[in-house]
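Residues per chain, in single letters:
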Amino acid sequence: LGETWAQPFPLFPVEDGYISGQMYDEHNKFNLNTLLKADGTVNEVAVEFFKQLLQRLELNPKLVETFIDWQDADEDTVGAMGAENSYYRGVKAGYLAPNQMFTSIQQVQWLRGVDRDMYQRLKPYITALPSRDTKMNLNTVDALLLACLNEQLDVVSIQNLLAQKKQNLEYLTQFDELVTQAPFDRIDPQQLKRYGSLFGGASQYFRAEIIVNLSERRRVMTSQLHRDNGQVQAYQRRWLLQSEQP
């Protein structure tokens, strides 16, 4: 959070309006594409963690099955709530499951069993990055996601810890550093470490939002960015209505 990307972008005045922008770390959310490994098999650790997230949001943890079926390569459902093309062809304005990685979280609205309310609850905590090997960044991840490490953890205590670290310019580089600090130190470290492979201390994927206000009209352009060895490349862009903003 001490890097340039995390600093506020000042308003840039133009005739009859202004331009502003903000950068966001996409590693502060759960990447839906990590539910499968690079070889296409199910990532059991990620699946169990996602179930914890669904439960925290008071959603049915079995919904994870439809998230897996949406992106796995076969036509076999993984459970009672799974869905493949035989289901999606039958819905109104039928379509097919892509059987590949999510390209945006908006696709979640098309999944079997997901309604608008469910999507809105999930939306702040999920992302769809073009890699199955990403990790959530311990320094930027949402406190609720860290609370999913164990049912005994509460969000407020974790928020206080993250705020204190940010104020003191203290940063975590690996998961083992987290489990020794309150409130995590009250939990059996082995229970926490089963999810340790999902977390890291660095970020490669970011979202840039450029907001243009002209004559009381507002447009937002988002660019999905990948940083690798000091080089930054945009791999996806879209214009958004204000109501569609992530």
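Above: the structure in question.
Residues numbered from 1 in each chain as written. Predicted model: local features only at pLDDT ≥ 70, side-chain atom pairs only at ≥ 80, totals over all residues. Heavy atoms only, no water.

**Q** I keep staring at the overall build of the protein and nothing clicks. Help me out?
**A** Within the protein, the regular secondary structure consists of seven helices and nine strands. Relative to its length of 246 residues, the protein is compact, with a C-alpha radius of gyration of 19 Å against a globular reference of 18 Å. Taking the principal axes of the C-alpha coordinates as reference, the protein spans close to 55 × 50 × 35 Å. Put simply, the protein has 246 residues, and 43% of those count as buried. Restricting the contact set of the protein to residue pairs at least 6 apart, pairs at least 24 apart contribute 58%. Here the protein displays about 13,300 Å² of accessible surface, and carbon together with sulfur accounts for 48% of that area. (Helix = DSSP H or I, 4+ residues; strand = E, 2+ residues; numbered from the N terminus. Rg over C-alpha atoms; globule rule 2.2 N^0.38 Å. Buried < 20%, exposed > 50% of the residue type's maximum accessible area, 1.4 Å probe, protein only. Contact = heavy atoms within 4.5 Å. Areas by Shrake-Rupley, 256 points an atom, 1.4 Å probe, with all protein chains shown as cover.)

**Q** For this particular structure, what's the right way to read the sheet that holds strand β2 (residues 17–25)?
**A** What links the strands of a sheet is backbone hydrogen bonding, and the strands pair in either a parallel or an antiparallel sense. Reading across from one edge, β1-β2-β7-β8-β9 is the order of the five strands in this open sheet, with antiparallel pairing throughout. Among the strands making up the open sheet, the edge pair consists of β1 (12–14) and β9 (231–240). Neighbour-to-neighbour, the strand axes of this sheet turn through a mean angle of 25°, independent of strand direction. (Pairing = 2+ DSSP bridges. Axes fitted to C-alpha atoms, helices over the stretch in contact; angles between N-to-C directions.)

**Q** Help me understand the packing of aromatic side chains, please; the structure alone is not making it clear to me.
**A** The way to describe two aromatic rings as a pair is by their centre distance and the angle between their planes. One pass over the full model with this rule turns up 11 aromatic pairs. Aromatic pair F30 and F50: ring centres 5.2 Å apart, planes at 15°, arrangement stacked. With F30 in strand β3 (residues 30–31) and F50 in helix α1 (residues 44–56), this pair connects stretches of sequence that are 20 residues apart. In this pair, the class of F30 matches that of F50, namely buried. These aromatic residues form a ring-pair network of at least three members: F30, F49, F50, F67, W70, F102, W110, F175, Y195 and F199. (Phe/Tyr/Trp six-rings, centres within 6.5 Å; stacked < 30°, edge-to-face > 60°.)

**Q** Just to check I follow, could you spell out the side chain of S20 for this structure?
**A** Note on placement: S20 falls in strand β2. A relative accessible area of 10% means that S20 is categorised as buried. In contact with S20, not counting residues within four places along its chain, are F9, L11, E209, I210 and I211.

**Q** Just to check I follow, could you spell out the pairing of β2 for this structure?
**A** In regular strands, side chains alternate between the two faces of the sheet. One ladder, built from three bridges, connects β1 with β2; its direction is antiparallel. Residue P13 lies in a different strand from β2, and its bridge partner there is Y18. Linking two consecutive strands that pair antiparallel, namely β1 and β2, is a turn of two residues; a positive phi of about 65° is found at D16 within it.

**Q** For this particular structure, what's the right way to read α1?
**A** An α-helical turn contains 3.6 residues, so any two residues separated by three or four positions project in the same direction. For α1, which comprises 13 residues, the first-to-last C-alpha distance of 19 Å matches the rise-based estimate of 18 Å (1.5 Å per residue) to within 8%. Of the positions making up α1, those classed as buried are A46, V47, F49, F50, L53 and L54. Buried residues of α1, viewed axially, fall in a sector of 165°; they line one side. Downstream of α1 by a residue or two, E58 has a phi angle that is positive, lying close to 60°. (Expected span 1.5 Å × (residues − 1). Arc of directions from axis to C-beta.)

**Q** Looking at this model, I keep getting lost on the pattern of salt bridges. Mind explaining?
**A** Counted according to the given criterion, the structure contains eight salt bridges. Two residues, E26 and R207, come together in a salt bridge whose shortest N-O distance is 2.7 Å. One end of the pair, E26, is in the loop between β2 and β3; the other, R207, is in strand β7 (residues 205–214), with 181 residues separating them in the sequence. There is no split in this pair, since E26 and R207 are both buried. (Salt bridge = Lys/Arg side-chain N within 4 Å of Asp/Glu carboxyl O.)

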